[in-house]
Amino acid sequence: MRVTKYNTQLNEEKCCVLVKESSVNYCSDFSKFTEPYQIFRLMCDVFKHNKQTEEYLYLLCFATNGRLIGVFEISHGCANASLCNPREIFMKAMLCNATSIVLVHNHPSGESTPSKTDMSTAAKISEAAKLMGINFLDNMVIGNDYYSFREMNLLEL
């Protein structure tokens, strides 16, 4: 399976376009990411998300058939915070024609329990996703292990 990381840039007309940043072959036993554990493994294996010293927020975009079509680094913060704005998330999701998204961020402390800010951010993104017609499949926090809002029934699907 090919995992492609994208970025966005302004073209000559000052319009936002997708730019391929990197692409790697990811050998796994699954062709689609249907379970939070699979996303946890991907983020640790490919992006070393569990070993970062600062918080990183990633967006995973999926096609209608569940195939991963793109990964974006949304923000890179400090040891205990990272900025998140729905505008940047949904702009990127729409540019790659995603029908579903998953947000994943890490806690450098190793503790995967979400903070109050994580909970309120997930609620805000969930509401925006409903308005945009994009399925917000999961919001995950990675530390030494992972916390999945979906597995804890904290997201309305």
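Everything discussed here concerns the structure shown above.
Quick notes on the rules
Residues numbered from 1 in each chain as written. Predicted model: local features only at pLDDT ≥ 70, side-chain atom pairs only at ≥ 80, totals over all residues. Heavy atoms only, no water. Salt bridge = Lys/Arg side-chain N within 4 Å of Asp/Glu carboxyl O. Helix = DSSP H or I, 4+ residues; strand = E, 2+ residues; numbered from the N terminus. Buried < 20%, exposed > 50% of the residue type's maximum accessible area, 1.4 Å probe, protein only. Pairing = 2+ DSSP bridges. Contact = heavy atoms within 4.5 Å.

J.: Would you mind showing me how to read the pattern of salt bridges here?
T.: Side-chain pairing between opposite charges can occur once the charged atoms of the two side chains come close. In total, this model carries six salt bridges according to the counting rule given. One salt bridge in this structure joins Arg-41 and Asp-45, with 2.8 Å as the shortest N-O distance. Within this pair, Arg-41 and its partner Asp-45 are both found in helix H1 (residues 36-47), separated by four residues, close to a single helical turn. With a relative accessible area of 33%, Asp-45 lands in the partly exposed category. Between Arg-87 and Glu-88 there is a salt bridge whose closest N-O contact spans 3.1 Å. When salt bridges with common partners are traced through the structure, they connect Lys-5, Glu-21 and Glu-73 into a single cluster.

J.: Mind showing me how you'd approach the pairing of strand S2 (residues 16-25) here?
T.: Consecutive residues of a regular strand have side chains that alternate between opposite faces of the sheet. By the bridge criterion, nine bridges tie strand S1 (residues 2-10) to S2 in an arrangement that is antiparallel. Each bridged residue has a counterpart across the sheet, and for Thr-8 the counterpart in S2 is Leu-18. Linking two consecutive strands that pair antiparallel, namely S1 and S2, is a turn of five residues; a positive phi of about 65° is found at Lys-14 within it.

J.: So what exactly am I meant to see when it comes to the environment of Val-19 here?
T.: Tracing the sequence through the fold places Val-19 in strand S2. Classification of Val-19 as partly exposed rests on a relative accessible area of 26%. Taking the C-alpha atoms as reference points, Val-19 and Gln-9, ten residues apart in sequence, are found 6.7 Å from one another. Dropping the residues within four chain positions of it, Val-19 is found in contact with Lys-5, Tyr-6, Asn-7 and Gln-9.

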